[in-house]
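Per-entry structural report
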Protein chains: 2
Amino acid sequence: MIPERTIGRLSLYRRILDQVLDQGRTYIFSHELAKLSGNKPAQVRRDLNVVKCPGCASKGYDVQEMIRCIDSTLDGPDKQRIALVGVGNLGRAVLHYFLGRRKKLEFAAAFDRDHDKVNRVIHGCRVYHIDELNDVIRKENIRLGVITVPVSEAGHIADLLVHGGVRGILNFTPAPLRIPPGVYVENIDITSAIEKVVYFTDLGNREKEKE
Amino acid sequence: MIPERTIGRLSLYRRILDQVLDQGRTYIFSHELAKLSGNKPAQVRRDLNVVKCPGCASKGYDVQEMIRCIDSTLDGPDKQRIALVGVGNLGRAVLHYFLGRRKKLEFAAAFDRDHDKVNRVIHGCRVYHIDELNDVIRKENIRLGVITVPVSEAGHIADLLVHGGVRGILNFTPAPLRIPPGVYVENIDITSAIEKVVYFTDLGNREKEKE
């Protein structure tokens with residue numbers, strides 16, 4: 001099993017390499033990728049060893065080959081089907097961002113209570129009513145869920161997802177989810193992140209005032 | 001200086017307490033807040049000690065008093081003015097979420113290149129052209145910035161913000177920002193979070209298949 005931080009770095013390398021490829025480059029040295037990603041060259045070389053990516057001392061790494069090695073580690077053999085619950089601003093932002101970006105990742109269904117959104121296709125993804133959640137994720141064989149609903153609904157939605165067979169959740173609400181063992185949860189708390197910036201920046205000011 | 005994790009928990013407690021207050025409750029015990037926030041009661045009591053919140057053994061903590069104690073720690077004495085750069089889906093989601101939610105936090109200006117957005121007020125925040133960034137953040141005395149632009153622009157935008165006097169940044173792009181010492185940066189990488197969920201969930205499946 002590859003550690004979480006390594007997975008995070010591989011995810012970042014891949015996005016940088018996509019850009020490098022768009023710029024028409026076919027080879028890259030580890031020290032260049034290190035600079036672009038904000039890591040040390042030795043770290044980059046260790047990570048590329050993990051995904052068994054062969055390098056060449058004189059030319060560096062073949063960019064396409066490197067992307068393929070990261071793909072096969074991060075994406076797994078099968079296409080991953082994802083459900084998104086809560087088609088507000090944040091939900092739309094997530095759908096829009098991923099539209100057509102990763103071949104192996106597909107937002108296969110979205111859910112909302114708002115009848116103006118239900119039965120529409122938003123950023124390439126069909127929106128169903130939340131009451132249909134259990135049926136749709138079973139029928140569509142969806143194993144991953146993204147929760148972008150208001151915090152008060154998060155617990156209920158997580159229960160529905162897990163009951164329907166979802167085994168991995170990205171939770172954008174600050175609600176701590178009570179989920180059974182065997183379900184992987186990753187949390188992103190945007191409010192808390194902003195409040196950290198406020199606190200630690202303000203602290204800098206206060207310390208300066210003291211000087 | 002309070003550690004980052006404590007700040008994160010205090011931010012979460014405050015949002016839970018806002019809800020508790022909305023439900024008409026005036027007192028809460030530490031073990032209740034612990035359950036609602038997914039922490040241990042002893043942890044909650046230590047955190048409340050940090051913000052000097054007095055409790056009562058028989059009635060628990062006064063909810064409004066607790067919010068006031070957290071406010072005075074997290075928010076600092078002055079109103080914090082924030083600039084948001086990149087008014088796409090994610091930028092709108094952030095503006096919308098914070099609209100009127102925190103008295104001491106104000107999104108004072110937003111910036112974009114799109115002329116259809118410039119000079120409009122979106123979710124309570126005026127949108128300026130990116131070329132005006134330096135002038136506006138100086139004039140408005142803005143010290144905090146949120147970056148929700150495409151990754152290729154992030155470095156340039158961070159430079160502009162810092163040059164204009166910003167000292168705290170929340171960066172939603174995967175680009176590692178090269179910023180001078182004294183500027184606090186918090187990163188949220190949504191793609192990497194989703195790819196972690198994909199990897200660790202798929203790994204669960206693979207391990208199950210092996211059994």
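Thresholds applied
- Numbering of residues starts from 1 in every chain and runs along the sequence as written.
- Labels are handed out in written order, letters beginning with A for the chains and numbers beginning with 1 for the ligands.
- Note on the predicted model: pLDDT of at least 70 is required for a residue's local features to be given, and 80 or more for side-chain atom pairs to be given and counted; whole-chain, interface and lining totals, by contrast, use all residues.
- Water and hydrogen atoms play no part in the side-chain values, which are based on all heavy atoms of the structure.
- Helix and strand labels come from DSSP, where a helix needs a run of H or I of at least four residues and a strand needs a run of E of at least two; each type is numbered from the N terminus.
- A simple rule labels every residue: compare its accessible area, found with a 1.4 Å probe on the protein chains alone, to the largest value its type can have, and call it buried under 20%, exposed over 50%, or partly exposed in between.
- The contact criterion used throughout is that any non-hydrogen atoms of two residues lie within 4.5 Å.
- The accessible surface values rely on the Shrake-Rupley method and a 1.4 Å probe; as for residues, cover is taken only from the protein chains in view.
- His residues and chain termini do not enter the charge count, which takes Lys and Arg as positive and Asp and Glu as negative.
- Lysine's charge is taken at NZ, arginine's at CZ, aspartate's at CG and glutamate's at CD.
- Between Lys or Arg on one side and Asp or Glu on the other, a salt bridge is scored when a side-chain nitrogen of the former is within 4 Å of a carboxyl oxygen of the latter.
- As used in this structure description, the phrase polar contact means that two N or O atoms lie within 3.5 Å; if the pair is within protein, one of them must be able to donate a hydrogen and the other to accept it, and residues adjacent in sequence are counted only when both atoms belong to side chains.
- Three residue categories are used. Nonpolar comprises Ala, Val, Leu, Ile, Met, Phe, Trp, Tyr, Cys and Pro, charged comprises Asp, Glu, Lys and Arg, and polar comprises the others, including Gly.
- Superposition of the copies was done by least squares, using only C-alpha atoms of residues whose pLDDT is at least 70 in both.
- Throughout the structure description, domain borders are defined by an automatic or database domain assignment.
- Summed over both partners, the accessible area (1.4 Å probe) lost when two parts come together is defined as the buried area.
- When DSSP finds two or more bridges between a pair of strands, those strands are recorded as paired.
- Handedness of a crossover: with both strands directed away from the viewer, a clockwise path from the first strand across the helix to the second marks it as right-handed.
- Whether two aromatic rings pair depends on their centres lying within 6.5 Å, for rings of Phe, Tyr and Trp, where Trp uses its six-membered ring; planes under 30 degrees apart make the pair stacked, over 60 edge-to-face, and the rest tilted.
- The method works on a 1 Å grid over the protein atoms by themselves. A cavity is a set of points holding a 1.4 Å probe that cannot get out, a pocket is an open set with protein on both sides within 12 Å along at least five of seven lines, and residues with an atom within 4 Å of a point line them.
- Grid points are joined across faces, edges and corners, and a volume is the space filled by probe spheres set on the points.
- Within this scheme, the nonpolar core is defined by two criteria: the residues are buried Ala, Val, Leu, Ile, Met, Phe, Trp, Tyr or Cys, and they are joined through side-chain atoms within 4.5 Å.

**Re the overall build of chain A**
Per the secondary structure count, chain A includes eight helices and nine strands. Each of the 211 residues in chain A was classed as buried or not, and the buried ones make up 53%. Here the contacts in chain A between residues at least 6 apart in sequence split such that 56% fall between residues at least 24 apart. Only carbon and sulfur atoms are counted for the fraction: they give 48% of the accessible area of chain A, which is about 10,300 Å². Distance between charge centres in chain A, computed from 32 positive and 27 negative side chains, equals 6 Å.

**Concerning the interface of chain A and chain B**
Frequently, the measure chosen for interface size is the accessible area that the parts lose on association. Each partner contributes to the interface: chain A provides 67 residues, whereas chain B provides 67 residues. Counting across the interface, chain A meets chain B through eight salt bridges. Taken together, the connections running from chain A to chain B amount to eight residue pairs in polar contact (both at pLDDT 80 or more). Counting residues per element, the side of chain A that touches chain B draws most heavily on helix α8 (residues 190-210) of chain A, which supplies 16 residues. Here the side of chain A that touches chain B is built from residues that sort into 34 nonpolar, 17 polar and 16 charged.

**Things to note about the relation of the copies chain A and chain B**
After a rotation of 180° and a shift along the axis of 0.0 Å, chain A superposes on chain B with an RMSD of 0.0 Å. A rotation of that kind, with that shift, is consistent with a two-fold axis. By residue overlap, the copies meet face to face through one surface: 100% of the interface positions of chain A are interface positions in chain B.

**Re the domain arrangement of chain A**
Residues and elements named next belong to chain A. Taken domain by domain, chain A holds domain 1 (4-73) and domain 2 (80-191). Counting residues at the interface gives four residues for domain 1, matched by four residues for domain 2. Both sides together, the interface formed by domain 1 and domain 2 hides about 320 Å², and carbon and sulfur atoms give 25% of it. Among the residues domain 1 hides against domain 2, the three largest losses belong to Glu4, Arg14 and Arg15. Together they make up 78% of the total.

**Some remarks on the pairing of strand β7 (residues 144-147) of chain B**
All names here are of chain B. Side chains Leu144 and Val146 of β7 all project onto a buried face; the interleaved residues Gly145 and Ile147 project onto the opposite face, where all are buried too. Where β7 and strand β8 (residues 168-171) come together, four bridges link them in parallel fashion. Bridge pairing links Gly145 to Ile169 in β8. Crossover β7 to β8 through helix α7 (residues 151-164) is right-handed.

**A look at the packing of aromatic side chains**
Taken as a whole, this structure holds ten aromatic pairs over all chains when the rule is applied. Arranged with centres 5.2 Å apart and planes meeting at 80°, the rings of A:Tyr97 and A:Phe98 form a pair that is edge-to-face. Ring centres 5.1 Å apart and planes at 25° place the aromatic pair A:Tyr184 and B:Phe200 in the stacked group. Taken as a pair, A:Tyr184 in strand β9 (residues 184-187) and B:Phe200 in helix α8 (residues 190-210) lie in two separate chains rather than in one. A relative accessible area of 17% places A:Tyr184 in the buried class. Overall, B:Phe200 belongs to the buried group, its relative accessible area being 10%. Taken together through their ring pairs, the aromatic side chains of A:Tyr97, A:Phe98 and A:Phe107 make up a single cluster.

**A word on the layout of surface pockets**
The probe, sized like a water molecule, is rolled over the atoms to show the empty space still left. Estimates place the volume of the largest pocket at around 1,700 Å³. Around the largest pocket, the lining comprises 44 residues; the ones closest to its centre are A:Glu186, A:Asn187, B:Glu186, B:Asn187 and B:Lys196. For the lining of the largest pocket, the secondary-structure elements that each account for two or more residues are α1 (4-22), β9 and α8 of chain A together with α1 (4-22), β9 (184-187) and α8 of chain B. For the lining of the largest pocket, a count of residues per class yields 16 nonpolar, 16 polar and twelve charged.

**Remarks on the side chain of A:Thr191**
By the element assignment, A:Thr191 lies in helix α8. Take A:Thr191: its relative accessible area is 6%, and that puts it in the buried class. For A:Thr191, the contacting residues outside a window of four places in its chain are B:Ser11, B:Arg15, B:Tyr97 and B:Phe98.

**Here we look at the pairing of strand β3 (residues 80-85) of chain A**
Residues and elements named next belong to chain A. Across the six residues that make up β3, a large majority, five, are buried. In terms of strand pairing, β3 meets strand β4 (residues 105-112) through six bridges, oriented parallel. By the bridge assignment, Ala83 is partnered in β4 with Ala109. Taking the sense of rotation as the criterion, the β-α-β connection linking β3, helix α5 (residues 89-98) and β4 turns out right-handed. Here four bridges tie β3 to strand β7 (residues 144-147), and the two strands are oriented parallel to one another. Its bridge partner being in β7, Val85 is matched across the sheet by Ile147.

**A word on the nonpolar core**
Generally speaking, soluble globular proteins have nonpolar side chains that are buried together. Counting residues in hydrophobic clusters, the biggest one holds 98 residues, and the most contacted among them are A:Phe107, A:Phe172, A:Ile194, B:Leu17, B:Phe107, B:Phe172 and B:Ile194. Contacts of A:Phe107, omitting those with residues within four sequence positions, involve A:Ile82, A:Leu84, A:Val94, A:Leu95, A:Phe98, A:Cys125, A:Val146 and B:Ile194.

**A word on the environment of A:Asp18**
Residues and elements named next belong to chain A. As for its placement among the helices and strands, Asp18 is situated in helix α1. C-alpha of Asp18 to C-alpha of Gln64: the two residues are 46 residues apart in sequence and 8.7 Å apart in space. Ignoring anything within four residues of it in the chain, the contact list for Asp18 reads Ile67 and Arg102.

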